[in-house]
Each structure stands twice: as C-alpha cells, then as structure tokens.
Amino acid sequence: ENPIPPAEPAEPVLCGSLAIGGTSLAIAKAGATISRVPLYLYIALLKHNQESPKEMSLPLIMITLLSCEKISPAKLKLVEEVMLIPPVELSLKQGIERILNIQKEMTRLLESSGRMVQYKCPGPQADSKKGKAQSSGKKAPPLPLKRISHLGCLTTGYDNLEQLLLLMQTACKNIGLELGTDMYLAINCAAHELMDYEKRKYEILTGTFKSPDEMVAMYVEMINNFPFIIALIDPLRKEDREQWSSLCCALGSKCYLIAEDAATHISKIKTDQNINIAMCSGVVLKYINQTKISDLIELTGILDGQRHITILGSPDGESLDESLVDLAVGVGARFLKLGGLSRGERVAKYNRLLAIEEELAANGTLR
C-alpha cells in the first residue's frame, strides 16, 4: 500500500492574537455607528468600494439537527454533524419553521425508539455493600432524554449511515415533507479525526477501516444512493490532495465538497491565494485569532474570483455577539453555519438574521 502523507503541523498562533480580531471588529462597529448604517451594510460598502449595493441576499442557513459523537458507544464515526438546508425559494423564517418541525418529529422518533437514552451515566465504584445490587443487573440511570450538545442540537449515535438517513427520511415523511425537494442535507464528516495513522486508514465505523481511495468510492456510492445530500464538509484530510481531486471529478456536479479543517489557514490563503487543495467547491471561514475584517473582505473576493463558495462558520468558543451574521450578509457569503436551534448564543444569531431579513424586505433591497 502507498504510504499516506503525514499530517501537516498546526500553524502557530500569534500570542495575544485574539486582541487583533476583537480590535478590528470594534473599529468596524464604530465605523458603522458613525456612518449611521447597520454593520452588514457597512461591511458591504467596504467590499464594494463604498458603492451601496442595490440588492442584498441572505446566506443560506446550514442548521445542525444532530450531533453524532465519535466517542459514543455507537459504531458510526463517519458523521460528526447532520445539517439541514432549506430550499432557496423559502424565506428564512419559513425555512427555520420547517426545520423546527423536523426537529420535533426527530425528537419524538428518537424518544420512542429509546435511541436518546443509550448513553448511561458511569456509576460509582461498587463497594462491598453495593456489590450484590450491581451484579444483579441494575444499570446506572440514563442521561436526560433531550440531551443538547454544545452545537445547540440533539446528540445521539448510530450503528451505520443508512440507519441515520432512513430515520431522517421517515421523520420528514411523517410531517409531509420529502428530502431532496422540501429539505436538503449536509454532512460534516470531520475526516481528519478518523485517520488511524498506524493502519494508514480512516475508521468510518468501529473496527471498519478504509483507505483514502476507498473513501472516495464510498462517498460516490453514498451520493448516488442518497441524492438529497448536497454538501460534504471535510470528507477527507487536507493532505489527501489526490483523493480530493478524484472526489471533485466524480461528485463536483452533484454536491458541494467543502473544506473546513481541511483548508489552509486564513493567513496562507491570503498570502498564496491558494486553498492548498487540488479541487473543492468552497471553504468555511471562521472569524478567529488574528483575522481582521479586512482579511475576511479580501479573502471572500479571492474566493469569488476562483469561483469557490464562501461559508462563514461560528467558532467553537461561542458568545452572544451577533456580528458574525452581519459579516456573512455584508461579504455576500453563500452559506452560514451557526449550529443548532438551541442554546442562547446560537439562537441570538438566528434572531439577528431574521431581523436583517425583515429590514431588507422593508427597504425593498432583499434579493
């Protein structure tokens, strides 16, 4: 077997770099206040050389419905997030309402099947008095049914991908919706977490390994069997450039192949104007560390010129600040990845996006 490329070292983070991004954002907010315009319009003016756009469009939302923990007792490791993308003809409000209905039905199905109670709390170590009780078959109490992850969505696990996708099809069908027409799926594979460097293969299920070339064949079969999946995020490591090219040639016309952790660091994209992957559909940009507002504006221009789509994603360490939404609207991002519809720091951003939609509609500038 051909040796796999080793993992590239992480790019060092400048000490105190959080202050750079925070200061840049504060200056942008001050500029918007002085100009008496919303932050998203101020960002759009910066991008378009102070020419006010006649129309503005909202990014499509990628709402996380399920988080499949890779350390869970379930076998499936290939999926980290399952995200829903509403059709473009729906307004943002209609799309969120539809996804909420799907989430309620999924919760009902998971509770009725016992899927959400499979995680057991580790019980205390048995002493001599409790030894008989534990040996008699008693288990530790289950976690609460509605377990919400840090992504603001339900947390569960599955034994294979088909089981997960068929359950989602059932949930949609129960409320009169059809995947592929009324709603679409995106899957975050986070493949860099699956690589077993001793075996030189990806562990997609517990005890099931596939080489990078086998991963490409698996994804092609998956999209052919489930065409309602229109985006795969990080399906491979960024080091597997040859397989990225093969995957894009095979699936580039059928779904988006997105690089998040598989993309080069923002500073390298800006310097080299190269995403460091042979082929991909787009990149998830995150406003973290020393990233400045001017960097984001310049990067989106570079990606637009390369015909790549731009996705703005929320960082892992979340806050109630809603600026990311204004940035996404201002730079004209195609998608916005904010997590689920729970937890206050994520709900605040969805509420901000709804407010921008209402404001643009009232001004007659909503495309």
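Note that this is a predicted model, so its numbers are computed, not measured.

Just checking my understanding: could you explain the overall build of the protein for this structure?
Scanning the protein from N- to C-terminus turns up 11 helices and 12 strands. Buried residues in the protein amount to 50% of all 367 residues. Here the analysis covers contacts within the protein between residues at least 6 apart in sequence; of these, 73% occur between residues at least 24 apart. Per element, the accessible surface of the protein, about 17700 Å² overall, is 52% carbon and sulfur.

Would you take a moment to explain the pattern of salt bridges for this structure?
Opposite charge on two side chains permits them to pair, given that their charged atoms come into close proximity. Under the counting rule described, the total for this entry stands at 14 salt bridges. Linking Glu 260 and Lys 337 is a salt bridge whose minimum nitrogen-to-oxygen distance equals 3.6 Å. In this pair, Glu 260 is assigned in the loop between β9 (256–259) and α8 (266–272) and Lys 337 in strand β12 (residues 335–339), connecting sequence segments 77 residues apart. The pair formed by Glu 260 and Lys 337 is uniform in burial state, with each residue classed as buried.

I keep staring at the sheet that holds strand β5 (residues 195–196) and nothing clicks. Help me out?
One open sheet accounts for 3 strands, arranged β5-β6-β7; its pairing is antiparallel. Strand pairing shows two members of the sheet lacking a second neighbour, β5 and β7 (208–210), which therefore form its edges. Two strands pair when backbone bridges link them, and strand β6 (residues 201–205) and β7 are joined in this way by 3 bridges, in the antiparallel orientation. Considered in β7, the bridge of Tyr 202 is made with Lys 210. Packed on one face of the sheet, helix α6 (residues 212–225) meets β6 and β7 and runs near 100° to β7.

What am I meant to see in helix α2 (residues 39–47) here?
Residue pairs three or four apart in sequence face the same way in an α-helix, which turns once every 3.6 residues. α2 sits mainly inside the fold: 8 of its 9 residues count as buried. Against the buried residues of α2 lie α1 (18–35), α9 (293–305), α10 (323–331) and α11 (344–363). Where α2 terminates, the next one or two residues include Asn 49, which has phi positive at roughly 55°.

Would you mind showing me how to read the pairing of strand β4 (residues 184–188) here?
If a strand is regular, its side chains alternate between the two faces of the sheet. With 4 of its 5 residues buried, β4 lies for the most part within the structure. Alignment of strand β2 (residues 81–85) against β4, held across 5 bridges, turns out to be antiparallel. Bridge pairing in β4 places Ile 85 opposite Tyr 184. As defined by bridge partners, β4 adjoins strand β8 (residues 229–233) across 4 bridges and the pair is classed as parallel. Looking at the pairing, Ala 186 lines up with Ala 231 of β8.

What is the right way to read the environment of Leu 327 from this model?
Within the element layout of this structure, Leu 327 appears in helix α10. Setting aside its immediate chain neighbours within four residues, Leu 327 contacts Ile 43, Tyr 287, Ile 293, Leu 296 and Leu 312.

Honestly, α9 in this entry has me stumped. Any pointers?
Relative to the 18 Å expected for 13 residues at 1.5 Å per residue, α9 spans 19 Å between its end C-alpha atoms, a close match to the ideal helical length. Within the span of α9, buried status applies to Ile 293, Asp 295, Leu 296, Ile 297, Leu 299, Thr 300, Ile 302 and Leu 303. One or two steps after α9, the chain reaches Arg 307, where phi turns positive at roughly 60°.

Looking at this model, I keep getting lost on the packing of aromatic side chains. Mind explaining?
Centre distance and the angle of the planes are the two values used to describe a pair of aromatic rings. Inspection of every chain in the model, using the stated rule, returns 2 aromatic pairs. With a centroid separation of 5.8 Å and 65° between ring planes, the pair formed by Phe 226 and Phe 228 is classed as edge-to-face. On the basis of relative accessibility, which here comes to 9%, the residue Phe 226 falls in the buried class. Note on Tyr 256 and Phe 335: the rings are 5.5 Å apart at their centroids and 75° apart in plane angle, and the pair reads as edge-to-face. Note that Tyr 256 is positioned in strand β9 and Phe 335 in strand β12, a separation of 79 residues in sequence.

Explain the pairing of strand β1 (residues 60–68) here, please?
Among the 9 residues in β1, 8 count as buried, and that is most of the element. As paired strands, β1 and β12 are joined by 4 bridges and run parallel to one another. Paired with Leu 60 across the strands is Phe 335, a residue of β12. Across 4 bridges, β1 lies against β2 in antiparallel orientation. Within β2, the residue paired with Ile 63 across the bridge is Leu 84.

Explain unusual backbone geometry here, please?
Most peptide bonds adopt trans geometry, and most residues besides glycine take a negative phi value. Non-glycine residue Asn 49 carries a positive phi angle of around 55°. Assignment of secondary structure puts Asn 49 in the loop between α2 and β1. Classification of Asn 49 by relative accessible area gives exposed; the value is 65%. A positive phi angle, close to 50°, is found at Asp 234, a residue other than glycine. Inspection of the secondary structure assignment puts Asp 234 in the loop between β8 and α7 (241–251).

About the criteria used
Residues numbered from 1 in each chain as written. Predicted model: local features only at pLDDT ≥ 70, side-chain atom pairs only at ≥ 80, totals over all residues. Heavy atoms only, no water. Helix = DSSP H or I, 4+ residues; strand = E, 2+ residues; numbered from the N terminus. Buried < 20%, exposed > 50% of the residue type's maximum accessible area, 1.4 Å probe, protein only. Contact = heavy atoms within 4.5 Å. Areas by Shrake-Rupley, 256 points an atom, 1.4 Å probe, with all protein chains shown as cover. Salt bridge = Lys/Arg side-chain N within 4 Å of Asp/Glu carboxyl O. Pairing = 2+ DSSP bridges. Axes fitted to C-alpha atoms, helices over the stretch in contact; angles between N-to-C directions. Expected span 1.5 Å × (residues − 1). Phe/Tyr/Trp six-rings, centres within 6.5 Å; stacked < 30°, edge-to-face > 60°.

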